[in-house]
Amino acid sequence: MQKHDLHHEFPEFDQKIHSLKVSDLHFRKRFDEYHEITNEIHRIESGAEATSDEALNQLRIKRVHLKDELYSILTASE
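Residues numbered from 1 in each chain as written. Predicted model: local features only at pLDDT ≥ 70, side-chain atom pairs only at ≥ 80, totals over all residues. Heavy atoms only, no water.

### Remarks on the environment of His26
- Checked against the element boundaries, His26 lands in helix α3 (residues 25-45).
- Spatially, the C-alpha atoms of His26 and Tyr71 are 13 Å apart, while their sequence positions differ by 45 residues.
- With residues near it in sequence (within four places) discarded, His26 still touches Glu69 and Ile73.
- At 2.8 Å, the side chain of His26 forms a polar contact with the side chain of Glu69. (Helix = DSSP H or I, 4+ residues; strand = E, 2+ residues; numbered from the N terminus. Contact = heavy atoms within 4.5 Å. Polar contact = N/O pair within 3.5 Å; in protein donor to acceptor, adjacent residues only side chain to side chain.)

### Details of the packing of aromatic side chains
- Following the criterion strictly, the structure yields 4 aromatic pairs and no others.
- Taken together, a centroid distance of 6.1 Å and an interplanar angle of 80° make the contact between Phe13 and Tyr71 edge-to-face. Within this pair, whereas Phe13 is found in the loop between α1 (6-9) and α2 (14-23), its partner Tyr71 is found in helix α4 (residues 53-76), the two being separated by 58 residues in sequence. (Phe/Tyr/Trp six-rings, centres within 6.5 Å; stacked < 30°, edge-to-face > 60°.)

What follows is the structure, given as structure tokens:
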């Protein structure tokens, strides 16, 4: 299974991720939502939870959109 947490996805932003989680409520909410979805996808893919392929695909799409939004926030002040 591939790791999809933000620290693995964007290791170059490790410190900035930490700083934004503390200082930016919007980033923190999106970060938490991203990780909840990632954990849910992992449970489904590992067989611990059952769902339809359509529901799994919708979760993956939502995760990609959240990741894009988080990346935009991370790179906004670069």
